[in-house]
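Chains, contacts and geometry: an overview
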Amino acid sequence: MSVAFVSLIVNATVLRLLARFRHGEVHLRAIWICTRADVIANLAVIVSGVLVLLLHSAVPDLVIGTAIACYVLKEALGILREAKDARIAAIAPNGKP
């Protein structure tokens, strides 16, 4: 949890610095999305650690770990979709292939 907390501070700082790129080109937006996912994952790891300590059970860790994996996968698919759209737009500026 202590490493997740330090990582949270670093990632939150970087996310703040990258905020101006959140609506930019797809590669810059991807960096912002990945960093946002890191911040959310750091928070989730801390919550999971607290729950494991309080409940003396590995279940919160498994549930939250699965939720983090699903969230990161969703974000990755979104980035791939945006990259595909940007590639199509670059090939045909009017949006038609």
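Up top you'll find the structure we're talking about.
Residues numbered from 1 in each chain as written. Predicted model: local features only at pLDDT ≥ 70, side-chain atom pairs only at ≥ 80, totals over all residues. Heavy atoms only, no water.

**Focus on the overall build of the chain**
A count of helical and extended segments in the chain gives three helices and zero strands. In sequence order, the chain lays out its α and β elements as α-α-α. In terms of overall dimensions, the chain is more spread out than a globule: its C-alpha atoms have a radius of gyration of 17 Å, far above the 13 Å expected for 97 residues. When the accessible surface of the chain is totalled, it reaches about 6,900 Å², and 72% of it is carbon and sulfur. Averaged over its 10 positive side-chain charges, the chain has a centre that lies 7 Å from the centre of its 6 negative ones. (Helix = DSSP H or I, 4+ residues; strand = E, 2+ residues; numbered from the N terminus. Rg over C-alpha atoms; globule rule 2.2 N^0.38 Å. Areas by Shrake-Rupley, 256 points an atom, 1.4 Å probe, with all protein chains shown as cover. Lys, Arg positive; Asp, Glu negative; His and termini not counted. Charge placed at Lys NZ, Arg CZ, Asp CG, Glu CD.)

**Considering the environment of Phe21**
Among the secondary structure elements, Phe21 is positioned in the loop between α1 (2–18) and α2 (26–55). Exposure remark for Phe21: the relative accessible area of 24% places this residue in the partly exposed category. For the pair Phe21 and Tyr71, spaced 50 residues apart in the sequence, the C-alpha separation amounts to 21 Å. Discounting residues that sit within four places of it in the chain, Phe21 has contacts with Leu28 and Arg29. (Buried < 20%, exposed > 50% of the residue type's maximum accessible area, 1.4 Å probe, protein only. Contact = heavy atoms within 4.5 Å.)

**Side note on the environment of Ala90**
Structurally, Ala90 can be placed in helix α3 (residues 59–91). Residues Ala90 and Leu77, spaced 13 residues apart in sequence, show a C-alpha to C-alpha distance of 20 Å.

**Some words on the pattern of salt bridges**
If you walk through the whole model with that rule in mind, you get three salt bridges. A salt bridge links Glu82 to Arg29; its shortest N-O distance comes to 3.1 Å. Taken together, the residues Glu82 in helix α3 and Arg29 in helix α2 connect sequence positions 53 residues apart. A salt bridge links Lys74 to Glu75; the shortest N-O distance between them is 3.3 Å. Among the residues examined, Glu75 registers a relative accessible area of 9% and is labelled buried. Taken together, the shared-partner salt bridges in this structure form one network comprising Arg36, Lys74 and Glu75. (Salt bridge = Lys/Arg side-chain N within 4 Å of Asp/Glu carboxyl O.)

**Some thoughts on the side chain of Ser48**
Residue position: Ser48 is located in helix α2. According to the relative accessible area criterion, Ser48 is buried, its value standing at 3%. Beyond its immediate stretch of four places on either side in the chain, Ser48 contacts Pro60, Asp61 and Ile64.

**Topic: α1**
The end-to-end C-alpha distance of α1 is 24 Å, a good match for the 24 Å that 17 residues give at a rise of 1.5 Å each. Within α1, burial applies to Ala4, Leu8, Asn11, Leu15 and Leu18. In a view along the axis of α1, the buried residues occupy a sector of 95°, so they form one face of it. Of the exposed residues in α1, those oriented more than 90 degrees away from the buried face are Ser2, Val6, Arg16 and Leu17. On its buried face, α1 is in contact with α2. (Expected span 1.5 Å × (residues − 1). Arc of directions from axis to C-beta.)

Keep in mind these values describe shape, not function.
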